[in-house]
Amino acid sequence: MKIAISFLKSKYNLKETIKKINNTNADYIHVDVMDGKFVQNTSNNYLEIKDILKEQKKPLDVHLMTKDPIKYIIDYKNLSPHIITIHYEINKNIDDLIDLIHSYNIKAGISIKPKTSIEDIEKYLDKVDNVLIMSVEPGFGGQKFMDSVLYKIDILNKLRKEKNYNYIISIDGGINYETKNKVKNADLIISGSYICMSDNYQEKIDSLK
Ligand code: DX5
Ligand code: ZN
């Protein structure tokens, strides 16, 4: 199981947080991008994030919580991320957006909010590289993990086996020492405040492995 760190909520300032993440064995930095429309919260803009990430040394896992992802995909592709993930619920042409991400040779992911079912995204499963299950309502770090989404991990594992799909299964929101045991069958866990609100990032990561 791999670990990505979200730096939405941290005890330290952003640049210091990135330095601390560099000094861990985390697999990715998870970049939460929010537009104030798809979710209530707004993140730093692209140029600010670019500057914050100047010193970063990990592959990037970009999570676009934005209603209109095109301009964000076009911006964020310049940071050569490993993955860019968009949300299913934006009512846009998902196929075109996945193709756009792939056209830059970047892995494409689809994310679903807690109330969205796997059935809704089944038609995209053969072309995505990542399925990101939200275990909190997107928008804020530090929320409580929702057990009600756990069944989705099992369905995605079953479908992948049956149909030979290639996606990884990720889960994002409320992951800590207690909830990590519930998500053992995911491939990538994203953890934010549990790690970044502590003094010793590596110790927290070790406790998740
Ligand atoms: C929520 C974000 C998550 C969040 C994770 O909108 O997508 O990535 O920051 O943070 P924690 O682990 O604090 O829930
Ligand atoms: Zn996220």
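The preceding data block contains the structure.
The structure contained in this document is the topic of the report that follows. (Residues numbered from 1 in each chain as written. Chains lettered and ligands numbered in written order. Predicted model: local features only at pLDDT ≥ 70, side-chain atom pairs only at ≥ 80, totals over all residues. Heavy atoms only, no water.)

Another aspect to go through is the pattern of salt bridges. According to the stated counting rule, one finds 9 salt bridges in the structure shown. The partner of D199 in a salt bridge is K11, with the nearest N and O atoms 2.4 Å apart. With a gap of 188 residues between them, D199 in the loop between helix 7 (193-196) and helix 8 (201-208) and K11 in the loop between strand 1 (2-6) and helix 1 (14-22) connect regions that are remote in the sequence. Close ionic contact of D51 with K54 constitutes a salt bridge, the shortest N to O distance being 3.2 Å. Using a relative accessible area of 31% as the deciding quantity, one classes D51 as partly exposed. (Salt bridge = Lys/Arg side-chain N within 4 Å of Asp/Glu carboxyl O. Helix = DSSP H or I, 4+ residues; strand = E, 2+ residues; numbered from the N terminus. Buried < 20%, exposed > 50% of the residue type's maximum accessible area, 1.4 Å probe, protein only.)

Let us look at the site of ligand 1. Within the structure, ligand 1 sits among 18 residues, and G139, G142, D172, G192 and S193 are positioned closest to it. Within the side chain of D172, one N or O atom sits 2.7 Å away from an oxygen atom of ligand 1. Protein chains bury 99% of the 380 Å² of accessible surface belonging to ligand 1 in isolation. Elements with a minimum of two residues in the shell around ligand 1: strand 2 (28-34) and strand 3 (60-65). Each residue belonging to the shell around ligand 1 can be placed in one class, and the counts come to 5 nonpolar, 11 polar and 2 charged. (Near = heavy atom within 4 Å. Polar contact = N/O pair within 3.5 Å; in protein donor to acceptor, adjacent residues only side chain to side chain. Areas by Shrake-Rupley, 256 points an atom, 1.4 Å probe, with all protein chains shown as cover. Nonpolar A, V, L, I, M, F, W, Y, C, P; charged D, E, K, R; others polar.)

Read these as spatial facts, not as claims about activity.
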